[in-house]
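Structural features, examined
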6 protein chains.
Amino acid sequence: MKIQYIENIRHGLPVDSVYLLQSKRLQGFRGKAGKFLLVVLGDRTGSVEARIWENGEELYDKFNPGDLVKISADTGEFKGKLQLNISSINIYRGKDVDWSAFLPVSPKDKKEMLKSMDSIIMSINNPDLAALLNLFFSDSEWLNKYSTAPAAKKHHQAYLGGLLEHSLNVAQACQQIARVYTQINRDLLLTGAILHDVGKIDEYKYERMIDMSDQGRLLGHIIIGIQMVDRAIEALPGFSDNLRLKLLHMIASHHGEYEWQSPKRPKFLEAYLLHQLDLLDARVDAFTRAAEDRVDSDEAWSDWVKDLERYIYKK
Amino acid sequence: MKIQYIENIRHGLPVDSVYLLQSKRLQGFRGKAGKFLLVVLGDRTGSVEARIWENGEELYDKFNPGDLVKISADTGEFKGKLQLNISSINIYRGKDVDWSAFLPVSPKDKKEMLKSMDSIIMSINNPDLAALLNLFFSDSEWLNKYSTAPAAKKHHQAYLGGLLEHSLNVAQACQQIARVYTQINRDLLLTGAILHDVGKIDEYKYERMIDMSDQGRLLGHIIIGIQMVDRAIEALPGFSDNLRLKLLHMIASHHGEYEWQSPKRPKFLEAYLLHQLDLLDARVDAFTRAAEDRVDSDEAWSDWVKDLERYIYKK
Amino acid sequence: MKIQYIENIRHGLPVDSVYLLQSKRLQGFRGKAGKFLLVVLGDRTGSVEARIWENGEELYDKFNPGDLVKISADTGEFKGKLQLNISSINIYRGKDVDWSAFLPVSPKDKKEMLKSMDSIIMSINNPDLAALLNLFFSDSEWLNKYSTAPAAKKHHQAYLGGLLEHSLNVAQACQQIARVYTQINRDLLLTGAILHDVGKIDEYKYERMIDMSDQGRLLGHIIIGIQMVDRAIEALPGFSDNLRLKLLHMIASHHGEYEWQSPKRPKFLEAYLLHQLDLLDARVDAFTRAAEDRVDSDEAWSDWVKDLERYIYKK
Amino acid sequence: MKIQYIENIRHGLPVDSVYLLQSKRLQGFRGKAGKFLLVVLGDRTGSVEARIWENGEELYDKFNPGDLVKISADTGEFKGKLQLNISSINIYRGKDVDWSAFLPVSPKDKKEMLKSMDSIIMSINNPDLAALLNLFFSDSEWLNKYSTAPAAKKHHQAYLGGLLEHSLNVAQACQQIARVYTQINRDLLLTGAILHDVGKIDEYKYERMIDMSDQGRLLGHIIIGIQMVDRAIEALPGFSDNLRLKLLHMIASHHGEYEWQSPKRPKFLEAYLLHQLDLLDARVDAFTRAAEDRVDSDEAWSDWVKDLERYIYKK
Amino acid sequence: MKIQYIENIRHGLPVDSVYLLQSKRLQGFRGKAGKFLLVVLGDRTGSVEARIWENGEELYDKFNPGDLVKISADTGEFKGKLQLNISSINIYRGKDVDWSAFLPVSPKDKKEMLKSMDSIIMSINNPDLAALLNLFFSDSEWLNKYSTAPAAKKHHQAYLGGLLEHSLNVAQACQQIARVYTQINRDLLLTGAILHDVGKIDEYKYERMIDMSDQGRLLGHIIIGIQMVDRAIEALPGFSDNLRLKLLHMIASHHGEYEWQSPKRPKFLEAYLLHQLDLLDARVDAFTRAAEDRVDSDEAWSDWVKDLERYIYKK
Amino acid sequence: MKIQYIENIRHGLPVDSVYLLQSKRLQGFRGKAGKFLLVVLGDRTGSVEARIWENGEELYDKFNPGDLVKISADTGEFKGKLQLNISSINIYRGKDVDWSAFLPVSPKDKKEMLKSMDSIIMSINNPDLAALLNLFFSDSEWLNKYSTAPAAKKHHQAYLGGLLEHSLNVAQACQQIARVYTQINRDLLLTGAILHDVGKIDEYKYERMIDMSDQGRLLGHIIIGIQMVDRAIEALPGFSDNLRLKLLHMIASHHGEYEWQSPKRPKFLEAYLLHQLDLLDARVDAFTRAAEDRVDSDEAWSDWVKDLERYIYKK
């Protein structure tokens, strides 16, 4: 399957490629009867509008958002934006799909991230916590999901690999902070950092589209994550009761406040630090993206940043 | 084990009975060296202060709050309040303890309540939900806890049997409301009503003292309840996935708002109604207790009611 | 007066009917001088855009929103939406106007609702409260308004007959709940339920358009309702002072919280229940409408529901 | 009836006077059986504890808070505070009671205040508003209440005459501000200022004790005031509908925000200014009292001022 | 430099004038290749869209928002709005620019306002405060900024001269209120009123465009104002320490609440009054503008007023 | 000056030492006329009540809180607490006072902390920021205050040396976090960390008693700190304008939110991180103190921790 990435499409050149159908709509012709089909096609580098001028109404029912389609088209421009005129379109039925070509992906290398994560896990001395982490990371199906899931749908690290990237960042920040405050139970804090968002594996769907699953919307990653970790602990006979309770509490409380959907607020130092450094990573990501946003511009101030509810000073 | 209930103790008469030791404190004599031991004794009808004038310092380490003690004492009065002078005190080691004699108990009859609950369960037609409820209610150990646990430590129905009383009230209110709004999925709503607070079985300790357990304080009854119901569903092969998700969501969202510790807000009608009628039962209880508070007084207004943040008009 | 309901207009067929003029606007021709008149016409089944291509500027001042107009038109389509081209338009001056043809109306039958309401009123034993309700319901002018007024402009039951429908729902819910909590003063609660929103009779205008009156915006239905009920009570010599105060308080406090525009919060059980079941009826309506919204769609989730600040799960 | 004001009682001198009984309590003797009666007596200059050593239990039921009692006593001191030992006590049944001797009274002269108010009323040109004010101020029973009622139970101007003092202050501030902002409808603003708190006449009881009435607690002075002014307007045929609505709205909205118990927020300039200058007078009173509190002390900072939620700088 | 004010442009007449370029955008032709340049031109009377049909893409980089441009154009209309077709455009490089021709200006006369301000300053008796005000007002560069700066970018008095107009209003309101509450330190209050917003001189840029400066966005007028006043006081040897602290506190606290960006809340009466009358002037301005908004309309209600979060009643 | 530290006083042994007088009060004898003087004496190890039985009323005016007094006393016990009976008391007038003996002091060594701070300062490469820090740290008077001031009166690090300890912690945490997020301007972040609370030098009084100064209460450490840093920058010609603005902004915004008294919220990454790690250090301190509170107790839960609004789990 060859993809002509959308960021490389140029005005005037023909396009032959597979894309992800993101949306579809019928629209009436101006000045004559009938309707044409307007679709948005996407890959991991962006998205583009395309029109199918003939048989739009028949074709409408043949494709759905989330389908991969193989198209041929020529390129034009409308109101300053590139636009495709499709001459042929078919569902792509190849088996060799690499979804990461169609969805945004973490800018960081997955293998490097897993290697860094491994070295953190190796540094954990507590046998119960080490066993728990090994149970997860030696399960290749789980690990595939853990390293593919996004960290969010819209906000920080909203791309494939985002969960891994975010969890690693939080674990590294915990590692560093544990050097300043030596009263911290480092093993517990790091285990919490690695597993705090593990429920996102099932909170999101991330084949074809990054979206929340029904389970994600009805239960959320805190409850899903607690169930996932608790079942793993059940498989480890002799796991300390107190450690189990503390670890589950860290997942339950990592949003820090009730209004941020934590059913409990942090009740000991490691739970509090996990919350604080989880938040910090999300905010660092938001500040950094906002400051980079128009890095070529000489404007001193960013556009309004919704997640941070402020403008960012970039000078 | 014979108990002389505290509400029946009279000035001038001797006391010989078993009580629950609620607290202990050493206090210096006024005007001479040394200390005496001051304890508070309780049973389900109230509590009373008692003094041990001799060997207080030695005795201090022999008893702890939560112990049952057998005492002999004579009765006096101090600042208008009854007070005991203990002449002998020992740990009670009998095996025949009926804890409901020492802790406050629901004014409603447990058997009657269970009978009413059964008739509601019998009226549920959906086979999955009926099977789930039968699984729970046919487990005598679980049922014993469900009908013994309190509904709270301080607020509504804070006594043994409170969970059952509250769950039954909510189920009955749901039954009635379902007659007005016929679009409701009655079976789902009633099952949610019966099971929404089931996590309180482990959120509280209710032997010797009604208090929150460590698990209760670190995870809370919402998470504990979800785990309990989900494990029961796992034991019922073929249980509808969608019903499972909806029922777990109803437990997750029954506090209604994030700031009331629900990690999700109600996303469908039955979940919303369960939240609303759960709240209503707690508030009806608070209004009713406040209005009864000094039912003999001719005051038009109650004292300040903390749970309701208001005074209640009683005329 | 014959009306061709808007939901029945079909592309290509002529239209001859009376409609309510909902809005008007002059718009410049594209590519030539001058302006045409763009109006929106409505009846209880929906609304439609219509254009008057000639003499638009002269006609503009002859019609105002709220007028009934008799039009002749042919039908076309623009951007997939039906659109009328008007050839003749005049103010409709017939005397036989049934406004319920032009404004949305409760889906429930008015007579049935009044019958149900009567049977509730008949069940009230307290002579003062029974007399008060009879005074209102035997006044045919008042009854006409009570059974015509909407319950809201935008939110729940925002149609003619909405006040009656909502008041009946609340009264029925109160009736059922009173069976569970027998300590309730049922007569007071039901009377409060029937009269709590009575001020909406004057808070809204509901001839020609459903909108708030100046009085409604400056005083609100709580103050208007208190004045209305208090004047009725003045006409009933010997009415209990305490009942009067409690009933007026129930109106004053039925929004439950200051921030929902109640100048007092409920101070006794019946006032609290009225607030709670009033809120519940509005929310049940919102959940039910949201779940029905696109009942043909196979989407599991509704669109964003503004009144509930959430998406609704429909599976 | 001769009163020996409490501020004039001196250690060692006998007391023979009428006071208001503010509270009563039985207290056990230390070191012997039986109880004595402990009462608090008050007048407008302060309060003092008094003990009745004999027959306390019998006497307890003969007196109630709010009674005037004639006592004979000698004076002692306990823990640095003056204290009376009562030898004789009887209900005072004289008809000549001047309650202002027993309750705190405005430091300002009532006649002077009424004169200032009159001159403001004289300056109002609008005939409807002038007629309305004259209707009230020519009713001597009403005027007596208006010039006797307190402005609050605890907060600003919590003494007899407080309503008049506060209303006059607000009217004077409105007068001054109307000189700066000449777009103001001065007559409307001044009428609103004079009448905005008129409902306090019935919201409080101010014979024997300053306290809220049942009506005050269940309806509040906003609703009571609207009813009072609306009935007066009904007695004035031809009163402008629009002025009536605006004046009633000014009463309804004068607390400014829903959370301060206004069912409407100010919708035009005069309503907004009334709210703002009403608030300002209450706060000026609080700041001034706090700064005077220990005017002899050389402390730079006041004690915590609860109404203002801050400490006040006094240098 | 001759300006043809935008409010005087008429359809069909040629335009030759200098304007401020407010924005620029390239837009594709409909139906042919290439782009034209669309600009918005403004002066203090309004703004107008203008098109440059030829060489748009080349011209785009020659002009920036904030430039003065001299243009020749003819006038047309599009969708009912006036529109210019520019035939020649050049940067205006004259030295004689009176910016007040291009930016909105206070409707009040600057000289009159300064005269009124002077008479207030003359009435201040405290020698330290009088010296401080004289130091500022005798500095002509400072005075020029003080009488040119706006009071805001968007909200109240958002035009040149707005700071002076607002400061004068607040000072006059303080003057009047000080007549009612004679305990006020009038000199301190008036000095605070005149200087409270002095930091706005540097918080805003008001040449070419009214906008916040980087300093304004990063520090704000409270901190800038404190630094400005404190440096002036340093130049006055012997200035009372306590007066200095109180005056700086009044600037620090004049927004009244933390959430309105005051780092301190008012701690004495004059600071509180300054806050309250500052707020009042801003709100009077908002109410007055809202009521005037469509003064010719017969609508009883204004459009939604964002600053006041309400509709305004205009009858 | 020899001090017998309070933690070392033992029942029955005489005391001869200098202490800080923390409070004084006259109290009446029980059972005879006259008053004795009750004082609280303190040093850095604790406080103790002492009584002066003779001439109390005369002595009362000779001593004030904050005075050092030399006393002789014998020791007794009252209600289980140690208590001194003073036989002689005089103001201590020695010149050799080491206040750190009388006020609580950081448990960390001042020289060690300054050394750690120096090594951080040495690592800063930016010449402007390095020069600024050197200017401060080479000023021995300033450095003495910076290393003596407390970080708070009641909350975190509320002891002498607390400012230094807290600033060092925050700087170290910033150092570590800068290793994880390499996009950070490390020099700016560290300089901000070292100087963010510098205004506390004048916000507090910390001779004799730790309390807020008038300046501290009226302006606060944010404004005082900005003035202090800005004056230092003025002494450094050529200091970057942008760095100055960013550093002052970091001080202005380091409380993060308006409601925490920051007049600006952080507008770039370094300002945000400073806020977050400042907060984190205060909270780590609070969690750690709470968990240590009764380190010998076997209770799983701490007492209520007011600063954190929760109980802490200690197992």
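Computed from a predicted structure; not experimentally measured.

**Here we look at the overall build of chain A**
The number of helices and strands found in chain A is 11 helices and 7 strands. Taken over the C-alpha atoms alone, chain A extends approximately 75 × 50 × 35 Å along its principal axes. Of all 315 residues assigned to chain A, the portion counted as buried reaches 57%. For chain A, the accessible area works out to roughly 14200 Å², and carbon and sulfur atoms hold 47% of it. Each charge class in chain A can be summarised by its mean position, and for the 41 positive and 44 negative side chains these summaries are 3 Å apart.

**Looking at the environment of E54(F)**
Residues and elements named next belong to chain F. Looking at the element boundaries, E54 is found in the loop between strand 3 (46–52) and helix 1 (56–59). Take E54: its relative accessible area is 62%, and that puts it in the exposed class. Sequence separation between E54 and I120 is 66 residues, and the spatial gap between their C-alpha atoms is 58 Å.

**Some words on the relation of the copies chain F and chain A**
Between chain F and chain A, which share one sequence, the superposing operator has a rotation angle of 180° and an axial displacement of 0.0 Å; the RMSD is 0.1 Å. On the angle and the small slide along the axis, the relation comes out as a two-fold axis. Minimal C-alpha distance to the rotation axis in chain F is attained by Q176(F), lying at 2.7 Å. Residue by residue, 100% of the interface of chain F is reproduced at the interface of chain A, so both copies engage with the same surface.

**Observations concerning the packing of aromatic side chains**
We describe a pair of aromatic rings using the distance from one ring centre to the other and the angle between the two ring planes. Evaluated as defined, the whole model comprises 54 aromatic pairs over all chains. Ring centres 5.2 Å apart and planes at 70° place the aromatic pair F137(B) and W142(B) in the edge-to-face group. A single burial state applies to F137(B) and to W142(B), both of which are buried. Here the aromatic residues F136(A), F137(A), W142(A) and Y146(A) are joined through ring pairs into a cluster of three or more. Directly above the aromatic system of F268(A) lies the positively charged group of K246(A), at a separation of 4.7 Å from the ring centroid. The aromatic ring of W301(A) is capped on one face by R217(E), whose charged end is 3.9 Å from the ring centroid.

**Thoughts on the UniProt feature "domain: HD" (unreviewed entry) in chain A**
Listed under "domain: HD" (unreviewed entry) in the UniProt record, and renumbered for this structure, are residues 163–283 of chain A. Regarding residues 163–283 of chain A, the helix share stands at 66% and the strand share at 3%, and the terminal C-alpha atoms are separated by 15 Å.

**Comments concerning the interface of chain E and chain C**
Each partner contributes residues to the interface: chain E has 6 residues there, and chain C has 4 residues. Together chain E and chain C conceal approximately 530 Å² of surface at their shared face, both sides included; 51% is due to carbon and sulfur atoms. Between D214(C) and K315(E) there is a salt bridge; the shortest N-O distance is 3.0 Å. Counting every contact that joins chain E to chain C gives 2 residue pairs in polar contact (both at pLDDT 80 or more). The class makeup of the residues in the side of chain E that touches chain C is 4 nonpolar, no polar and 2 charged.

**Regarding the relation of the copies chain E and chain C**
When chain E is fitted to chain C, the best match, at an RMSD of 0.1 Å, comes from turning it 120° and sliding it 0.0 Å along the axis. The superposition of one copy onto the other is thereby described by a three-fold rotation axis. The residues that chain E uses at the interface reappear at the interface of chain C in only 17% of cases, marking distinct surfaces.

**Side note on the environment of Q157(F)**
Residues and elements named next belong to chain F. Locating Q157 in the fold gives a position in the loop between helix 4 (140–146) and helix 5 (162–180). Put simply, Q157 and V105 are 52 residues apart on the chain and 9.0 Å apart in space, counted from C-alpha to C-alpha. Leave out the neighbours within four places in its chain, and Q157 touches P150, A151, A152, G162, E165, H166, N169, D281 and D285. In terms of polar contacts, Q157 uses its side chain to reach the side chain of D281, at 3.1 Å.

**As for the pattern of salt bridges**
Applying the stated criterion across every chain, the model contains 54 salt bridges over all chains. Note that E49(B) and R51(B) form a salt bridge whose closest N and O atoms lie 3.3 Å from each other. On the basis of relative accessible area, E49(B) is assigned to the partly exposed category, the value being 28%. Close ionic contact of R244(D) with D230(D) constitutes a salt bridge, the shortest N to O distance being 2.8 Å. Of the two residues, R244(D) sits in helix 10 (residues 241–253) while D230(D) sits in helix 9 (residues 220–234), which places them 14 residues apart along the sequence. A residue is classified by how much of its surface remains accessible, and D230(D), at 2% relative accessible area, is buried.

**What to know about the environment of H156(D)**
Residues and elements named next belong to chain D. Structurally, the position occupied by H156 is in the loop between helix 4 (140–146) and helix 5 (162–180). Of the residues examined, H156 reaches a relative accessible area of 13% and is grouped as buried. In this structure, the C-alpha to C-alpha distance between H156 and G76, residues 80 residues apart in sequence, is 34 Å. Other than its neighbours up to four places away in sequence, H156 contacts A151, H166, K200, A282, D285 and R289.

**Details of the interface of chain F and chain A**
Taken together, the contact pairs 35 residues of chain F with 35 residues of chain A. Counting each side, the surface lost to burial between chain F and chain A is near 3300 Å², with a carbon and sulfur contribution of 60%. Summed over the shared surface of chain F and chain A, the result is 0 salt bridges. Linking chain F with chain A are 14 residue pairs in polar contact (both at pLDDT 80 or more). Going through the elements one at a time, helix 5, helix 10 (241–253) and helix 11 (269–292) of chain F are the ones with two or more residues in the side of chain F that touches chain A. Take the side of chain F that touches chain A: its biggest share by element is 12 residues, from helix 11 of chain F. Split into classes, the residues belonging to the side of chain F that touches chain A amount to 19 nonpolar, 7 polar and 9 charged.

**Section: the domain arrangement of chain A**
All names here are of chain A. Along its sequence, chain A is organised into domain 1 (6–100) and domain 2 (103–290). The C-alpha-based centres of domain 1 and domain 2 are spaced at 38 Å. Residue-level contacts link 9 residues of domain 1 with 7 residues of domain 2. Here domain 1 and domain 2 share an interface that buries about 680 Å² over both sides, 66% of which is from carbon and sulfur atoms. Here domain 1 and domain 2 share 0 salt bridges between them. Linking domain 1 to domain 2 there are 0 residue pairs in polar contact (both at pLDDT 80 or more). The leading source of residues in the side of domain 1 that touches domain 2 is strand 1 (residues 15–28), at 3 residues. In the side of domain 1 that touches domain 2, the residues fall into 4 nonpolar, 3 polar and 2 charged.

**Looking at helix 11 (residues 269–292) of chain B**
Spanning 24 residues, helix 11 of chain B covers 34 Å between terminal C-alpha atoms, matching the ideal 34 Å at 1.5 Å per step. For helix 11 of chain B, the buried fraction is high: 20 of the 24 residues fall into the buried class.

**Focus: the side chain of R310(B)**
Within the fold, R310(B) resides in the segment after helix 11. Comment: no salt bridge for buried R310(B); closest opposite-charge side chain is E257(C), at 4.6 Å. Here the side chain of R310(B) touches L308(B) through a polar contact of 2.9 Å, landing on its backbone oxygen. Side-chain polar atoms of R310(B) contact the backbone oxygen of P266(C), separated by 2.7 Å. Not counting the four nearest positions on each side in its chain, R310(B) is found in contact with F287(B), D303(B), W304(B), V305(B), R265(C), P266(C) and K267(C).

Reading the values: rules and limits
- Residues numbered from 1 in each chain as written.
- Chains lettered and ligands numbered in written order.
- Predicted model: local features only at pLDDT ≥ 70, side-chain atom pairs only at ≥ 80, totals over all residues.
- Heavy atoms only, no water.
- Helix = DSSP H or I, 4+ residues; strand = E, 2+ residues; numbered from the N terminus.
- Buried < 20%, exposed > 50% of the residue type's maximum accessible area, 1.4 Å probe, protein only.
- Areas by Shrake-Rupley, 256 points an atom, 1.4 Å probe, with all protein chains shown as cover.
- Lys, Arg positive; Asp, Glu negative; His and termini not counted.
- Charge placed at Lys NZ, Arg CZ, Asp CG, Glu CD.
- Least-squares fit on C-alpha atoms with pLDDT ≥ 70 in both.
- Contact = heavy atoms within 4.5 Å.
- Phe/Tyr/Trp six-rings, centres within 6.5 Å; stacked < 30°, edge-to-face > 60°.
- Lys NZ or Arg CZ within 6 Å of the ring centre and 35° of its normal.
- UniProt positions renumbered as here; feature names shortened; annotations may be inferred.
- Buried area = accessible area lost by both parts, 1.4 Å probe.
- Salt bridge = Lys/Arg side-chain N within 4 Å of Asp/Glu carboxyl O.
- Polar contact = N/O pair within 3.5 Å; in protein donor to acceptor, adjacent residues only side chain to side chain.
- Nonpolar A, V, L, I, M, F, W, Y, C, P; charged D, E, K, R; others polar.
- Domains from an automatic or database assignment.
- Expected span 1.5 Å × (residues − 1).

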